[in-house]
Amino acid sequence: MNDTTSKKTPPVLIFWIIAGWVGYALLPWYMVEDGLWSFEWLFDGYPFDEDYAPALFLIAQAEKLWLAPLLVPLVLPLLALRRPKSDPLYARLLILSGALGFGWLMAQGFGIGIRGYNFEWLEALFGDLGDRQFGMGYGGMICASAFLFLLTQGIAARGAINGDIFVVSAIGGVIAIVTIFVFFPIAKMLFAAFVTEDGAYSLSVFASKFFDDRLWGLGCLWGARCGAAWNSLFLAVLVGLITTVLGLCFALVVTRSGFRYKRAMRALTVLPIITPPFVIGLALILLFGLSGSVTVFFAELFGVQPTRWLYGMPGVLIAQTLAFTPIAFLVLIGVVEGVSPSMEEAAQTLRANRWQTFRTVSLPLMRPGLANAFLLGFIESMADFGNPLVLGGNFDVLSTEIFFAIVGAQYDQSRAAVLAMVLLFFTLSAFYAQRAWLGKKSYTTVSGKGDAGVHPLMPNGLAIPVLAIAIAWAIFTAVVYGMIIYGSMVELWGVNNSLTFKHYITAFSVRFEEEGIRWTGAAWDSFWTTITIAAIAAPLTAAVGLVTAYLLTRQSFAGKNSFEFGTMLSFAIPGTVIGVSYILAFNVPPIEITGTGAILVVSFIFRNMPVGVRAGIASMSQLDKSLDESSLTLGANSWQTFRRIILPLLRPAILAALVYSFVRAMTAISAVIFLVSAEYDMATSYIIGRVENNDYGLAIAYSTTLIFVMLAVVGAMQLLVGRTKIGRRMTQSRTNV
């Protein structure tokens, strides 16, 4: 390499130096009153008004002088611009700049709040501050990002991970955001497990709540009620197993059978995941409740008394299986499609029949997908509180106990935190059990070699029961959704069954006037807010999840296991706890976003990110690392390899992450119920309000509308992402078994 090339400044370094100065000198340092989405500050006293001023202007006016030391780390990287990366001073300058800048930002952010110093020892040391500061705005966040990535570039320049700037920066970025938006709020919540009523910390408080009989009681062994912990564990294991089996059945029908109505079945499997909360539960009540149509029919047929069998574990199990089977299907469809047909054809060439081929070749290669599908079903069941709330009856589970501990009359944050710790122990145990089951075996099936094979059909002995299960479950799902649509068009659900469109008109009426269209329906505000928040959160969730999966499967670095643990943590904690912990963590500086749309976006990203991570890991485990090595050998860097080689082969995982994150943002309730505000009201909180007012018709009409909207969006995403093209022949049309 000649001297000119070695001294050439990386463009990414110039970008982050400029970004740091822009954040410090041109953008409002603190959060503007109207929130992140408003730009009215440009015409309202900017840049001299203290509320909108950049840090440099604040200092020039002798305000917020604790921001002045940031000038030093902003100047330091300028000294590295003309130095070669091989010069040790180059790395030292960037590391010093990033560490000083980011460290000082955190120190002053946590040290000074809306009432001056946040700690008594600071006030005792420096005296009364006589000033205050608010949460970071555009300027503070961009400047913090610049310091973080200057630090990672310095670490890469010192030779970390072969000096790969993209990989080191990606690791640093994911660690930073997971720490800020997962570890920090959850730690703040869990510390409450040791807090007494007077604000002190005590182990006895924790012990008294942890060993509570309502949590660990085994009364069910002699006919009494079991503790919430055992109920949750047994239910989650059942849901994980059943949803994995059903998801595999649907994936096999779609990819390994000649079933004529594959597309319709594929669309039907996605329906439950795009259903707002409580709706499946309400439909099940209409079918199987005490006065449900099916219950009454069989009671009259056999002359027996209708019972409340639905309320309790049976009802919750059915509802959760309906709700979470699509997650297993979305994870497994990419894995089943990714199994190499050539390996299956090779087995048949060696005189293995179709059953032997499936049992000894296909199924073992699907283990990553099966393990991830079970893990997600298990965690979703543990964290779900909507279905147990509607159908649980006396069947207590951890998530509803946490909910009532927080929002009930007791308002016991300490008990909620203890319950959350138990739930976290169960979910992380499942996570490590899954890792142990997979072991260190290789599941690679896609390499750089040509693979134009055709997947064999399922053996008849497997195809018949698989098709029977899939068709029966699809019919049951269709009946449930038929009841949902019917319920949205009756006058008064269960009382007056005359058909009407009044609920749709009330929610979504539109008036055309000379000034333009007026959205006069009661649900429009929450509808547009929900669409906007979900559209912002979905691609960000997919991007963070897939980059994280790439780092976990393709890179080796210190602390990798802890890194993976952090990415799964937010998914293992109930949304209820996420919502409360976000309020506690982000209601004060340095990150003050409670009541804004940003806190909803952030909560959705980190609540749903693990699905993108698990789908990406399952699919990437099938891609031979020689693909990456070939690209790097031909001169591409890691970013180019990831963008041009890896991502095009991950289309099923990308689609799974996009679909799941979008629809969960549209239908989430557990965290949303705490984070919505008057300005940012979400569809699910509006629906809950209608349910609480016994306005079931309007609630179901709104839910039905959301279902059709999300179906259209999912179809558009399918067309946009497309299919993975790896040179395989299309399976010829075959008749059904």
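Once that is clear, we can look at the overall build of the chain. Helix and strand content of the chain: 33 helices and six strands. Here the C-alpha radius of gyration of the chain, 28 Å, is about what a compact globule of 737 residues would show, namely 27 Å. Along the first, second and third principal axes, the C-alpha atoms of the chain reach 85 × 70 × 65 Å. Accessible area of the chain: about 32500 Å², with a carbon and sulfur share of 64%.

This part is about helix α29 (residues 638–646). All buried positions along α29 are accounted for by Ser-638, Thr-641, Phe-642 and Ile-646. The arc enclosing the buried residues of α29, seen along the axis, measures out at 100°, which places them on a common side. If you follow the buried residues of α29, they end up packed against α8 (165–190), α24 (524–554), α27 (597–620) and α28 (626–633).

Moving on, we get to the confidence of the model for the chain. Averaged over all residues, the pLDDT of the chain is 82; the fraction at 70 or higher stands at 90%. The lowest-confidence element of the chain is helix α1 (residues 3–6), averaging 47 in pLDDT; the highest-confidence one is helix α4 (residues 71–75), averaging 96. Confidence drops under pLDDT 50 across residues 1–5; counting only partners more than four residues distant or on other chains, this segment forms one contact. Contacts for the low-pLDDT stretch residues 726–737, under 50 throughout, to residues beyond four places or in other chains number 30 contacts.

For Asp-384, the location among the structural elements is in the loop between α18 (367–383) and α19 (386–391). Of the side chains with opposite charge, Arg-664 lies nearest to the buried Asp-384, which makes no salt bridge, at 6.4 Å. Discounting residues that sit within four places of it in the chain, Asp-384 has contacts with Gln-320, Phe-324 and Ser-399.

Among the surface-exposed residues, Glu-33, Glu-40, Asp-44 and Asp-51 lie close enough to one another that they form a single negatively charged patch. Of note, Glu-33 is situated in the loop between α2 (11–25) and α3 (55–60). Note on Glu-33: relative accessible area 74%, which makes it exposed.

Among the surface-exposed residues, Phe-110, Phe-119, Trp-121, Leu-125 and Phe-126 lie close enough to one another that they form a single nonpolar patch of about 580 Å² accessible area. For the nonpolar patch, the leading source of residues is helix α6 (residues 120–126), giving three residues. Relative to the helices and strands, Phe-126 is located in helix α6. For Phe-126, a relative accessible area of 56% puts it in the exposed group.

Leu-284 and Leu-551 are the most contacted members of the largest nonpolar core, which totals 185 residues. With 16 residues, helix α15 (residues 313–338) is the single largest residue contributor to this core. Aside from chain neighbours lying at most four places away, what touches Leu-284 is Gly-289, Leu-310, Gly-315, Ile-318, Ala-319, Leu-322, Leu-391, Phe-476 and Val-480. Ranked by size, the runner-up nonpolar core spans 32 residues in total, among them Tyr-24, Ala-53, Phe-147 and Leu-150.

To continue, consider the packing of aromatic side chains. Scanning the entire structure with this criterion turns up 40 aromatic pairs. Seen in terms of ring centroids, Phe-184 and Phe-586 are 6.2 Å apart; in terms of plane orientation they differ by 55°. Their pairing is tilted. Remark: Phe-586 occurs in the loop between α26 (575–585) and α27 and Phe-184 occurs in helix α8; sequence separation between them is 402 residues. A residue is classified by how much of its surface remains accessible, and Phe-586, at 0% relative accessible area, is buried. Pairing Trp-519 with Trp-528 gives two aromatic rings, centres 5.4 Å apart and planes at 75°, and the pair type is edge-to-face. Taking NZ or CZ as reference, Arg-690 lies 5.6 Å from the ring centre of Tyr-686, over its face.

On to the pairing of strand β6 (residues 516–519). The sheet contact formed by strand β5 (residues 510–513) and β6 spans four bridges and is antiparallel. Bridge assignment links Arg-511 to a residue of β6, and that residue is Arg-518. What sits between β5 and β6 in their antiparallel hairpin is a turn of two residues.

The subject of this paragraph is unusual backbone geometry. For the peptide bond that leads from Pro-589 to Pro-590, omega is 10°, which places it in the cis range. On the secondary structure map, Pro-590 appears in the loop between α26 and α27. Even without a glycine there, the phi angle at Ile-161 is positive, about 50°. In this fold, Ile-161 is placed in the loop between α7 (138–157) and α8.

So, on to the pattern of salt bridges. One pass over the full model with this rule turns up nine salt bridges. Put simply, Arg-664 and Glu-380 hold a salt bridge, and the shortest N to O gap is 2.5 Å. One end of the pair, Arg-664, is in helix α30 (residues 651–667); the other, Glu-380, is in helix α18, with 284 residues separating them in the sequence. Taking the relative accessible area as the measure of exposure, Glu-380 reaches 4% and is therefore buried.

Our next topic: α28. Residues of α28 that are buried: Leu-627, Asp-628 and Ser-631. Mapping the buried residues of α28 onto a view down its axis gives an arc of 100°, with all of them on the same face. Of the residues flanking the end of α28, it is Gly-635, one or two places downstream, whose phi is positive at about 100°.

Now for the packing of helix α20 (residues 398–407) against α26. Axis separation between α20 and α26 bottoms out at 9 Å; the angle between their running directions is 30°. Classified by the angle between their axes, α20 and α26 sit roughly parallel to one another. Contacts between α20 and α26 involve Ile-402, Phe-403 and Ile-406 from the former and Thr-576, Val-577 and Val-580 from the latter. Looking at the contact of α20 with α26 residue by residue, the class counts come to five nonpolar, one polar and no charged.

Topologically, Gly-545 is positioned in helix α24. Classification of Gly-545 by relative accessible area gives buried; the value is 0%. Separated by 117 residues in sequence, Gly-545 and Phe-662 place their C-alpha atoms 13 Å apart.

Cut-offs applied
- Residues numbered from 1 in each chain as written.
- Predicted model: local features only at pLDDT ≥ 70, side-chain atom pairs only at ≥ 80, totals over all residues.
- Heavy atoms only, no water.
- Helix = DSSP H or I, 4+ residues; strand = E, 2+ residues; numbered from the N terminus.
- Rg over C-alpha atoms; globule rule 2.2 N^0.38 Å.
- Areas by Shrake-Rupley, 256 points an atom, 1.4 Å probe, with all protein chains shown as cover.
- Buried < 20%, exposed > 50% of the residue type's maximum accessible area, 1.4 Å probe, protein only.
- Arc of directions from axis to C-beta.
- Contact = heavy atoms within 4.5 Å.
- pLDDT = per-residue confidence, 0-100.
- Lys, Arg positive; Asp, Glu negative; His and termini not counted.
- Salt bridge = Lys/Arg side-chain N within 4 Å of Asp/Glu carboxyl O.
- Patch = residues over 30% accessible without salt bridge, like charges linked within 9 Å, V, L, I, M, F, W, Y side chains within 5 Å.
- Charge placed at Lys NZ, Arg CZ, Asp CG, Glu CD.
- Core = buried A, V, L, I, M, F, W, Y, C linked by side-chain atoms within 4.5 Å.
- Phe/Tyr/Trp six-rings, centres within 6.5 Å; stacked < 30°, edge-to-face > 60°.
- Lys NZ or Arg CZ within 6 Å of the ring centre and 35° of its normal.
- Pairing = 2+ DSSP bridges.
- Axes fitted to C-alpha atoms, helices over the stretch in contact; angles between N-to-C directions.
- Parallel < 35°, antiparallel > 145°, perpendicular 65-115°, else oblique.
- Nonpolar A, V, L, I, M, F, W, Y, C, P; charged D, E, K, R; others polar.

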